[in-house]
Amino acid sequence: MLPYQRDFIELALARDVLRFGDFTLKSGRQSPYFFNLGRIDSGAALARLGESYAAALVRAQLPVDMLFGPAYKGIALAAATAIALATRHGRDLPWAYNRKEAKDHGEGGMLVGAPLTGRVLIVDDVMTAGTAVRESLALIRAHGAVPAGVLIALDRQERGQGELSAAQEVARDHGIPVIAITGLDEVLAYAGERPELAAEHARLLDYRSRYGVSG
(Lines give C-alpha, C1' and ligand atoms only; values in the text may rest on other atoms or scores of the structure.)
Protein backbone atom coordinates (compact mmCIF):
# COMPACT_ATOMS: atom_id res chain seq x y z
CA MET A 1 0.00 0.00 0.00
CA LEU A 2 1.33 3.40 -0.94
CA PRO A 3 1.58 6.26 1.62
CA TYR A 4 -1.14 8.35 -0.03
CA GLN A 5 -3.50 5.36 -0.01
CA ARG A 6 -2.90 4.77 3.70
CA ASP A 7 -3.40 8.45 4.43
CA PHE A 8 -6.66 8.43 2.47
CA ILE A 9 -8.02 5.40 4.33
CA GLU A 10 -7.08 6.93 7.69
CA LEU A 11 -8.78 10.18 6.69
CA ALA A 12 -11.87 8.25 5.56
CA LEU A 13 -12.06 6.39 8.88
CA ALA A 14 -11.44 9.51 10.97
CA ARG A 15 -14.21 11.43 9.18
CA ASP A 16 -16.68 8.51 9.04
CA VAL A 17 -16.44 8.50 5.26
CA LEU A 18 -15.63 4.81 5.53
CA ARG A 19 -17.79 2.92 8.01
CA PHE A 20 -18.05 -0.73 8.88
CA GLY A 21 -21.33 -2.41 9.78
CA ASP A 22 -24.35 -3.72 7.90
CA PHE A 23 -25.51 -1.60 5.00
CA THR A 24 -28.03 -2.18 2.23
CA LEU A 25 -26.75 -0.85 -1.09
CA LYS A 26 -28.87 0.40 -3.98
CA SER A 27 -28.21 -2.94 -5.63
CA GLY A 28 -29.90 -4.66 -2.69
CA ARG A 29 -26.66 -6.26 -1.55
CA GLN A 30 -25.81 -6.34 2.13
CA SER A 31 -22.40 -4.73 2.43
CA PRO A 32 -20.08 -4.83 5.45
CA TYR A 33 -18.87 -1.33 4.66
CA PHE A 34 -20.22 1.97 3.40
CA PHE A 35 -18.45 4.91 1.78
CA ASN A 36 -19.73 8.49 1.73
CA LEU A 37 -17.44 11.35 0.69
CA GLY A 38 -20.15 13.81 1.68
CA ARG A 39 -18.71 13.60 5.19
CA ILE A 40 -15.63 15.51 4.07
CA ASP A 41 -17.05 18.74 5.36
CA SER A 42 -14.15 20.89 6.56
CA GLY A 43 -11.40 22.81 4.86
CA ALA A 44 -8.59 20.73 6.36
CA ALA A 45 -10.25 17.44 5.42
CA LEU A 46 -10.95 18.62 1.87
CA ALA A 47 -7.34 19.77 1.45
CA ARG A 48 -6.06 16.39 2.62
CA LEU A 49 -8.47 14.63 0.28
CA GLY A 50 -7.32 16.75 -2.65
CA GLU A 51 -3.74 15.70 -1.93
CA SER A 52 -4.75 12.04 -2.19
CA TYR A 53 -6.47 12.63 -5.52
CA ALA A 54 -3.45 14.54 -6.84
CA ALA A 55 -1.03 11.85 -5.68
CA ALA A 56 -3.06 9.15 -7.43
CA LEU A 57 -3.04 11.13 -10.67
CA VAL A 58 0.69 11.81 -10.51
CA ARG A 59 1.42 8.15 -9.86
CA ALA A 60 -0.74 7.12 -12.82
CA GLN A 61 1.37 9.33 -15.12
CA LEU A 62 -1.72 10.01 -17.20
CA PRO A 63 -1.30 12.94 -19.60
CA VAL A 64 -4.11 15.43 -18.97
CA ASP A 65 -4.62 19.08 -19.86
CA MET A 66 -7.42 19.98 -17.44
CA LEU A 67 -9.83 18.71 -14.78
CA PHE A 68 -13.62 18.48 -14.91
CA GLY A 69 -15.86 18.10 -11.84
CA PRO A 70 -19.39 16.83 -12.48
CA ALA A 71 -22.08 18.58 -10.43
CA TYR A 72 -22.44 18.39 -7.57
CA LYS A 73 -19.88 16.36 -5.60
CA GLY A 74 -17.30 16.52 -8.34
CA ILE A 75 -17.09 20.31 -8.16
CA ALA A 76 -15.31 20.47 -4.80
CA LEU A 77 -13.26 17.39 -5.63
CA ALA A 78 -11.92 18.83 -8.88
CA ALA A 79 -11.14 22.14 -7.15
CA ALA A 80 -9.29 20.42 -4.30
CA THR A 81 -7.35 18.27 -6.75
CA ALA A 82 -6.38 21.29 -8.86
CA ILE A 83 -5.12 23.12 -5.76
CA ALA A 84 -3.11 20.10 -4.58
CA LEU A 85 -1.58 19.58 -8.02
CA ALA A 86 -0.45 23.22 -8.06
CA THR A 87 0.83 23.45 -4.50
CA ARG A 88 2.27 19.96 -4.06
CA HIS A 89 3.36 18.97 -7.55
CA GLY A 90 3.94 22.21 -9.45
CA ARG A 91 1.23 21.45 -12.02
CA ASP A 92 -1.17 24.35 -12.50
CA LEU A 93 -4.02 22.80 -14.47
CA PRO A 94 -7.23 24.60 -15.48
CA TRP A 95 -10.49 23.15 -14.25
CA ALA A 96 -14.21 23.44 -14.93
CA TYR A 97 -17.54 22.10 -13.77
CA ASN A 98 -21.07 21.90 -15.09
CA ARG A 99 -24.37 23.21 -13.86
CA LYS A 100 -27.33 20.88 -13.45
CA GLU A 101 -29.47 23.40 -15.28
CA ALA A 102 -28.35 25.89 -17.93
CA LYS A 103 -28.10 29.50 -16.79
CA ASP A 104 -30.15 31.83 -19.00
CA HIS A 105 -28.65 35.15 -17.86
CA GLY A 106 -25.17 36.62 -17.42
CA GLU A 107 -22.62 34.48 -19.20
CA GLY A 108 -25.17 31.65 -19.48
CA GLY A 109 -24.47 28.08 -20.47
CA MET A 110 -23.89 24.79 -18.69
CA LEU A 111 -20.20 25.21 -17.91
CA VAL A 112 -18.29 27.26 -15.35
CA GLY A 113 -14.53 27.70 -15.37
CA ALA A 114 -12.02 26.96 -18.08
CA PRO A 115 -13.22 26.00 -21.57
CA LEU A 116 -13.24 22.27 -22.18
CA THR A 117 -10.22 21.71 -24.41
CA GLY A 118 -7.54 19.10 -24.87
CA ARG A 119 -7.42 16.01 -22.68
CA VAL A 120 -9.98 16.33 -19.90
CA LEU A 121 -9.86 14.26 -16.70
CA ILE A 122 -13.17 13.68 -14.90
CA VAL A 123 -12.84 13.87 -11.09
CA ASP A 124 -15.64 12.30 -9.03
CA ASP A 125 -16.26 10.37 -5.81
CA VAL A 126 -17.23 6.79 -6.64
CA MET A 127 -18.60 4.93 -9.61
CA THR A 128 -21.77 2.88 -9.32
CA ALA A 129 -23.78 2.54 -12.50
CA GLY A 130 -21.47 4.93 -14.34
CA THR A 131 -24.38 7.13 -15.47
CA ALA A 132 -22.85 10.40 -14.27
CA VAL A 133 -19.58 9.56 -16.00
CA ARG A 134 -21.33 8.84 -19.29
CA GLU A 135 -23.08 12.23 -19.10
CA SER A 136 -19.74 13.92 -18.47
CA LEU A 137 -18.14 12.10 -21.39
CA ALA A 138 -20.90 13.30 -23.71
CA LEU A 139 -20.50 16.89 -22.49
CA ILE A 140 -16.73 16.84 -22.95
CA ARG A 141 -16.99 15.42 -26.47
CA ALA A 142 -19.74 17.90 -27.38
CA HIS A 143 -17.24 20.70 -26.72
CA GLY A 144 -14.65 19.13 -28.97
CA ALA A 145 -12.43 17.96 -26.11
CA VAL A 146 -11.09 14.47 -25.47
CA PRO A 147 -11.91 12.48 -22.30
CA ALA A 148 -8.57 11.43 -20.78
CA GLY A 149 -9.94 9.23 -18.02
CA VAL A 150 -11.80 9.20 -14.73
CA LEU A 151 -10.29 9.77 -11.28
CA ILE A 152 -12.33 8.47 -8.33
CA ALA A 153 -11.76 8.00 -4.62
CA LEU A 154 -12.78 4.37 -4.16
CA ASP A 155 -13.21 1.45 -6.52
CA ARG A 156 -15.45 -1.09 -4.81
CA GLN A 157 -14.07 -3.70 -7.22
CA GLU A 158 -17.32 -5.65 -7.28
CA ARG A 159 -19.47 -6.97 -10.07
CA GLY A 160 -22.37 -4.98 -11.44
CA GLN A 161 -25.04 -6.63 -13.56
CA GLY A 162 -22.46 -8.80 -15.32
CA GLU A 163 -18.98 -10.00 -14.50
CA LEU A 164 -17.35 -6.57 -14.65
CA SER A 165 -17.36 -3.73 -12.16
CA ALA A 166 -18.72 -0.30 -13.06
CA ALA A 167 -15.16 0.98 -13.44
CA GLN A 168 -14.21 -1.90 -15.73
CA GLU A 169 -17.34 -1.35 -17.81
CA VAL A 170 -16.54 2.35 -18.31
CA ALA A 171 -12.96 1.53 -19.26
CA ARG A 172 -14.15 -1.10 -21.72
CA ASP A 173 -17.03 0.83 -23.25
CA HIS A 174 -15.26 4.18 -23.62
CA GLY A 175 -11.62 3.19 -23.95
CA ILE A 176 -10.43 5.40 -21.09
CA PRO A 177 -8.62 4.52 -17.86
CA VAL A 178 -10.33 4.69 -14.48
CA ILE A 179 -7.92 5.64 -11.70
CA ALA A 180 -8.87 5.17 -8.04
CA ILE A 181 -7.07 6.43 -4.95
CA THR A 182 -7.88 3.10 -3.33
CA GLY A 183 -9.94 0.00 -3.94
CA LEU A 184 -11.42 -2.75 -1.83
CA ASP A 185 -8.02 -4.48 -1.97
CA GLU A 186 -6.36 -1.62 -0.05
CA VAL A 187 -9.21 -1.42 2.46
CA LEU A 188 -8.78 -5.15 3.04
CA ALA A 189 -5.02 -4.78 3.44
CA TYR A 190 -5.45 -1.94 5.94
CA ALA A 191 -8.03 -3.86 7.98
CA GLY A 192 -5.72 -6.87 7.96
CA GLU A 193 -2.99 -4.81 9.65
CA ARG A 194 -5.24 -3.73 12.52
CA PRO A 195 -6.10 -6.29 15.21
CA GLU A 196 -9.14 -4.21 16.22
CA LEU A 197 -10.48 -4.64 12.67
CA ALA A 198 -9.99 -8.41 12.52
CA ALA A 199 -13.73 -9.11 12.46
CA GLU A 200 -14.27 -6.49 9.74
CA HIS A 201 -11.42 -7.97 7.72
CA ALA A 202 -13.08 -11.39 7.77
CA ARG A 203 -16.40 -9.92 6.65
CA LEU A 204 -14.70 -7.95 3.87
CA LEU A 205 -12.99 -11.11 2.64
CA ASP A 206 -16.31 -12.92 2.54
CA TYR A 207 -17.92 -10.04 0.66
CA ARG A 208 -15.12 -9.97 -1.91
CA SER A 209 -15.35 -13.73 -2.41
CA ARG A 210 -19.05 -13.36 -3.29
CA TYR A 211 -19.07 -10.16 -5.33
CA GLY A 212 -15.49 -9.25 -6.21
CA VAL A 213 -14.15 -8.93 -9.74
CA SER A 214 -10.87 -10.19 -11.06
CA GLY A 215 -8.22 -7.87 -12.41
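Along every chain, residues carry numbers that run from 1 in the direction the sequence is written. Residues qualify for local features only when their pLDDT is at least 70, as the model is predicted, and side-chain atom pairs are given and counted only at 80 or more; totals for whole chains, interfaces and linings, by contrast, use all residues. Heavy atoms from the whole structure form the basis of all side-chain values; hydrogens and water molecules are not counted.

By the naming in an unreviewed UniProt entry, the chain is Orotate phosphoribosyltransferase, taken from Frateuria terrea. According to the UniProt record, the Cofactor (unreviewed entry) comment for the chain is "Mg(2+)". UniProt positions are given in the numbering used here, feature names are shortened, and annotations may be inferred rather than shown by experiment. UniProt, in the comment section headed Catalytic activity (unreviewed entry), describes the chain in these words: "orotidine 5'-phosphate + diphosphate = orotate + 5-phospho-alpha-D-ribose 1-diphosphate".

Draft legend 1. How the structure looks around the side chain of Ser-136. Following the sequence through the fold, Ser-136 ends up in helix α4 (residues 131–142). On the accessibility criterion, Ser-136 (4% relative accessible area) is buried. Not counting the four nearest positions on each side in its chain, Ser-136 is found in contact with Phe-68, Pro-70 and Ile-122. Secondary structure counts use DSSP, requiring at least four H or I residues in a row for a helix and at least two E residues in a row for a strand, with both numbered from the N terminus. Here's how the labels work: a residue is buried when its accessible area is under 20% of the maximum for its type, exposed when over 50%, partly exposed in between, all with a 1.4 Å probe on protein chains only. Two residues qualify as a contact provided that any one of their heavy atoms is within 4.5 Å of a heavy atom in the partner residue.

Draft legend 2. Structural view of the nonpolar core. Leu-37, Leu-49, Tyr-53, Leu-57, Leu-67 and Leu-121 are the most contacted members of the largest nonpolar core, which has 45 residues in total. At seven residues, helix α2 (residues 43–60) tops the list of elements feeding residues into this core. Here, nonpolar core means buried Ala, Val, Leu, Ile, Met, Phe, Trp, Tyr and Cys residues that are tied together by side-chain atoms lying within 4.5 Å of each other. Residues Leu-111, Leu-116, Met-127 and Ile-176 belong to the second largest nonpolar core, which totals 20 residues.

Draft legend 3. Summary view of the UniProt feature "binding site: orotate" (unreviewed entry) in the chain. When the UniProt feature table is mapped onto this chain, "binding site: orotate" (unreviewed entry) is found at Phe-34, Phe-35, Thr-128 and Arg-156. Excluding residues within four positions of it along the chain, Phe-34 makes contact with Val-17, Leu-18, Arg-19, Phe-23 and Leu-25.

Draft legend 4. Representation of unusual backbone geometry. Between Ala-71 and Tyr-72 the backbone carries a cis peptide bond, its omega angle lying at 0°. One can find Tyr-72 in the loop between β3 (66–69) and α3 (73–89). Notably, Gln-61 is not glycine yet its phi reads approximately 55°, a positive angle. One can find Gln-61 in the loop between α2 and β3. For Gln-61, a relative accessible area of 70% gives the class exposed.

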